[in-house]
Structure formats: C-alpha cells, structure tokens
Amino acid sequence: MTTRAGAGKRYGVVSHDGWGNTCVGDFNSLEEARELFGALCSDHWFLTDGSVKGVSIVDREAGDPGVPGTGEASIVASHRFGTG
C-alpha cells in the first residue's frame, strides 16, 4: 500500500529543482503553508545553493497531480530563485 503525500491536507509547499518537484510540507490552512513558503523564499541555502529553481504553494482541492485522473493542483503562489 502506498500513501500519497499530503493525504487529507489541502495545501502543499513544493520545491522545484533540476531533478523534479519535491513536497516539503503539507497543511490544512493556507496561512500555515504561507509561513513555510515565506521562510523558504528567504532561506540562505535556497538562495545560494543554485540547484533549487523555485518553490510553490499548491491547492490540491482541484486534484492531485500525483494521482492519475484527479486533475491538476492549482498554484496559489510561486517564487523563482536566480535566473536559470
């Protein structure tokens, strides 16, 4: 049995890099997701590493991109690092 990330949680914070997308947090409220999103947008490692390309908040109510046939999650907020 596999459990999908964010099961039962509406909002996810996702980091984006050259290898793909990684969920770094799941939350019931947008306010909680915004707290992590804000912290990551100003995190020294995320800003200087070079491999992290961006971070997003997704609303899974429309569907979960990890589950076929459920639609795409909508992006609530996104931030890109650098110009690459």
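Residues numbered from 1 in each chain as written. Predicted model: local features only at pLDDT ≥ 70, side-chain atom pairs only at ≥ 80, totals over all residues. Heavy atoms only, no water.

> Explain the sheet that holds strand 1 (residues 11–17) residue by residue, including any values.
Overall, antiparallel pairing links the four strands, which are arranged 2-1-3-4 in an open sheet. Of all strands in the sheet, those bounded by a partner on one side alone are strand 2 (20–27) and strand 4 (74–80). For this sheet, the mean inter-axis angle between neighbouring strands, taken without regard to orientation, is 20°. With seven bridges joining them, strand 1 and strand 2 adopt antiparallel strand pairing. Bridging from a neighbouring strand, His 16 pairs with Asn 21 of strand 2. Along the sheet, helix 1 (residues 30–41) makes contact with strand 1, strand 2, strand 3 (52–59) and strand 4, crossing strand 3 at roughly 175°. (Pairing = 2+ DSSP bridges. Helix = DSSP H or I, 4+ residues; strand = E, 2+ residues; numbered from the N terminus. Axes fitted to C-alpha atoms, helices over the stretch in contact; angles between N-to-C directions. Contact = heavy atoms within 4.5 Å.)

> Please give an account of the side chain of Arg 60 that cites residues and values.
Tracing the backbone shows Arg 60 in the loop between strand 3 and strand 4. A distance of 3.4 Å separates a polar atom in the side chain of Arg 60 from the backbone oxygen of Lys 9. (Polar contact = N/O pair within 3.5 Å; in protein donor to acceptor, adjacent residues only side chain to side chain.)

> Account for the nonpolar core, with residues named and values stated.
Counting residues in each nonpolar core, the largest one holds 13 residues, and the members touching the most others are Val 13, Ala 33, Phe 37, Val 55 and Ile 57. For this core, the secondary-structure elements that each account for two or more residues are strand 1, helix 1 and strand 3. It is helix 1 that contributes the most residues to this core, four residues altogether. Excluding residues that lie within four positions of it along the chain, Val 55 makes contacts with Val 13, Val 14, Ser 15, His 16, Phe 37, Leu 40, Cys 41, Ala 77, Ser 78, His 79 and Phe 81. (Core = buried A, V, L, I, M, F, W, Y, C linked by side-chain atoms within 4.5 Å. Buried < 20%, exposed > 50% of the residue type's maximum accessible area, 1.4 Å probe, protein only.)

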